[in-house]
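Descriptive structure summary
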Amino acid sequence: MTSAAPKPEFILLLEEVNKSFEGFKAISNLTFYMDVGELRVIIGPNGAGKSTMLDLITGRTKPDSGKIEFGRDTDLTKLSEPKITQLGIGRKFQTPAVYIDHTVFENIWLSLEGSRSVWTTLFSRVTPERRDCIYEILKTVSLADKADTKAGALSHGQKQWLEIGMLLAQNPKLLLVDEPAAGMTDEETRKTGELLLSLEGKHSIVVIEHDMTFVRQIARKVTVLHQGTVLCEGRVDEVQNDERVREVYLGRKKKN
Ligand code: ADP
Ligand code: MG
């Protein structure tokens with residue numbers, strides 16, 4: 001018996017997606033596929049539609065047309081933002097959103113408990129299993145030695161890692177990270193790269209980034225977005241040498 005070649009297992013599929021804001025086409029015939037376990041970097045000039053693409057995946061905005069699917073058969077265009085989060089799509093925005101008056105440990109704990117209220121969680125006893133789990137996450141994001149520090153006292157970079165830890169506590173299948181290195185020192189940026197690489201394979205991850213040193217550090221496959229659509233895709237050296245990408249980034253005029 002002959003069998004057909006297995007279909008690649010997509011975690012995310014966008015086909016011919018369009019989105020306009022008051023006549024302005026922010027996303028234009030966008031087609032994008034990502035495999036399970038992939039770490040994908042998306043780059044592109046300001047206004048290219050990168051954040052809007054994440055808004056469309058997470059249900060924050062709805063497309064005017066096109067397909068957006070999670071896994072084999074979940075149509076994300078029909079679902080609300082909270083429902084999409086529940087399915088296992090976690091998003092990290094550019095500015096960290098942590099509970100500044102609570103400790104680093106408590107921040108992870110609160111995320112782990114999810115639907116329980118802050119009050120109920122913090123006035124309950126943390127079980128040894130929970131504690132282990134929290135420390136496991138804190139180690140992953142290099143904050144174990146800051147467990148008892150108030151989140152508000154962390155550096156900008158550490159707050160970003162804490163928020164990544166809070167997302168990990170929800171064990172997302174797909175993690176969307178928007179410009180994690182923005183505002184970080186070089187050393188923090190490098191450590192963020194290591195953190196994301198350490199998550200590769202365990203989670204599928206989309207990272208949007210501007211910092212090319214950082215992109216070179218973490219990049220496997222890079223997608224270049226321009227005017228709401230994919231300009232090119234490939235290894236980091238391939239896209240950096242692509243004439244169209246150079247035109248977009250260096251603002252050179254097209255000859256034709
Ligand atoms: P990027 O993240 O690549 O810098 P964005 O996705 O934020 O780009 O924005 C793409 C374009 O869409 C920009 O011109 C932006 O002004 C516009 N845009 C994004 N979201 C909205 C919105 N909610 N309403 C109106 N315009 C928007
Ligand atoms: Mg953006």
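Keep in mind it's a predicted model, so treat the numbers as computed, not measured.

Counting residues in hydrophobic clusters, the biggest one holds 47 residues, and the most contacted among them are Ile108, Leu138, Leu162, Leu196, Leu199, Ile205 and Val222. Among the elements that make up this core, the one with the highest residue count is helix H6 (residues 156–169) (seven residues). In this structure Ile108 touches Ile134, Ile137, Leu138, Leu162, Gly165, Met166 and Ala169, once residues within four positions along its chain are discounted. Formed by 25 residues, the second largest nonpolar core is a distinct cluster that contains Leu12, Val17, Met53 and Ile68.

Moving on: the site of ligand 1. Every residue close to ligand 1 is listed here: Phe21, Phe24, Ala26, Pro45, Asn46, Gly47, Ala48, Gly49, Lys50, Ser51 and Thr52. Within the side chain of Lys50, one N or O atom sits 2.8 Å away from an oxygen atom of ligand 1. The contact in question runs from an oxygen atom of ligand 1 to an N or O atom on the backbone of Ser51, over 2.9 Å. Alone, ligand 1 offers 560 Å² of accessible surface; in the complex the protein occludes 60% of this. Broken down by secondary-structure element, the contributors of at least two residues to the shell around ligand 1 are strand E2 (24–35) and helix H1 (50–57). Considering each element in turn, the shell around ligand 1 owes the most residues, three residues, to H1. Tallied by class, the residues present in the shell around ligand 1 amount to five nonpolar, five polar and one charged.

A word on the pattern of salt bridges. Applying the stated criterion across every chain yields a total of 14 salt bridges. A salt bridge links Glu163 to Lys92; the shortest N-O distance between them is 3.2 Å. Residue Glu163 is found in helix H6, and its partner Lys92 is found in strand E6 (residues 89–92); the two are separated by 71 residues along the sequence. As far as burial versus exposure is concerned, Glu163 and Lys92 are alike and both buried. The partner of Glu238 in a salt bridge is Arg235, and the shortest N-O contact between them spans 3.2 Å. Residue classification places Arg235 among the partly exposed residues on the basis of a relative accessible area of 45%.

Of the pairings in the sheet, the one linking strand E3 (residues 39–43) to strand E9 (residues 221–226) comprises four bridges and is parallel in character. Within the sheet, the bridge partner assigned to Arg40 lies in E9 and is Lys221. Counting the residues between successive antiparallel strands, the hairpin from E9 to strand E10 (residues 229–234) contains two residues, one of them, Gln227, with a positive phi of roughly 50 degrees.

Considered as a void within the structure, the second largest pocket measures approximately 170 Å³ in volume. Taken together, Leu112, Cys133, Glu136, Ile137, Thr140, Leu168, Ala169, Asn171, Leu199, Lys202 and His203 make up the full set of residues lining the second largest pocket. Top contributing element to the lining of the second largest pocket by residue count: helix H5 (residues 128–140), with four residues. Taken together, the residues that form the lining of the second largest pocket break down as six nonpolar, three polar and two charged.

Criteria and cut-off values
Per chain, the residues get numbers from 1 upward, laid out in the order the sequence is written. Numbering of ligands from 1 and lettering of chains from A proceed in the order in which they are written. Side-chain atom pairs in this predicted model are given and counted only at pLDDT of 80 or more, local residue features only at pLDDT of at least 70, and totals for whole chains, interfaces and linings cover all residues. Side-chain numbers here rest on the full set of heavy atoms in the structure, without hydrogens or water. The term nonpolar core refers to a set of buried residues drawn from Ala, Val, Leu, Ile, Met, Phe, Trp, Tyr and Cys, joined through side-chain atoms within 4.5 Å. Each residue gets one of three labels from its accessible area relative to the maximum for its type: buried under 20%, exposed over 50%, partly exposed in between, using a 1.4 Å probe on protein chains only. Starting at the N terminus, helices and strands are each numbered in turn, a helix being any DSSP run of H or I of at least four residues and a strand any DSSP run of E of at least two. Contact criterion: two residues are considered in contact whenever any of their non-hydrogen atoms come within 4.5 Å of each other. The near set for a molecule or strand comprises every residue that places at least one heavy atom within 4 Å of it. Polar contact criterion, stated in full: a pair of N or O atoms within 3.5 Å, where within protein one must be able to donate a hydrogen and the other to accept it, and residues adjacent in sequence count only if both atoms are side-chain atoms. With residues, only the protein chains shown are counted as cover, and all accessible areas are computed by Shrake-Rupley using a 1.4 Å probe. Side-chain classes follow a simple rule in which Ala, Val, Leu, Ile, Met, Phe, Trp, Tyr, Cys and Pro form the nonpolar group, Asp, Glu, Lys and Arg form the charged group, and the remainder, Gly included, forms the polar group. Salt bridges, as used here, are contacts in which a Lys or Arg side-chain nitrogen is within 4 Å of a carboxyl oxygen on Asp or Glu. Here a strand pair is declared whenever DSSP counts at least two bridges between the two strands. Cavity and pocket criteria rest on a 1 Å grid covering protein atoms alone: a 1.4 Å probe that fits but cannot get out defines a cavity, protein on both sides within 12 Å along at least 5 of 7 lines defines an open pocket, and an atom within 4 Å of a point defines a lining residue. Grid points are joined across faces, edges and corners, and a volume is the space filled by probe spheres set on the points.

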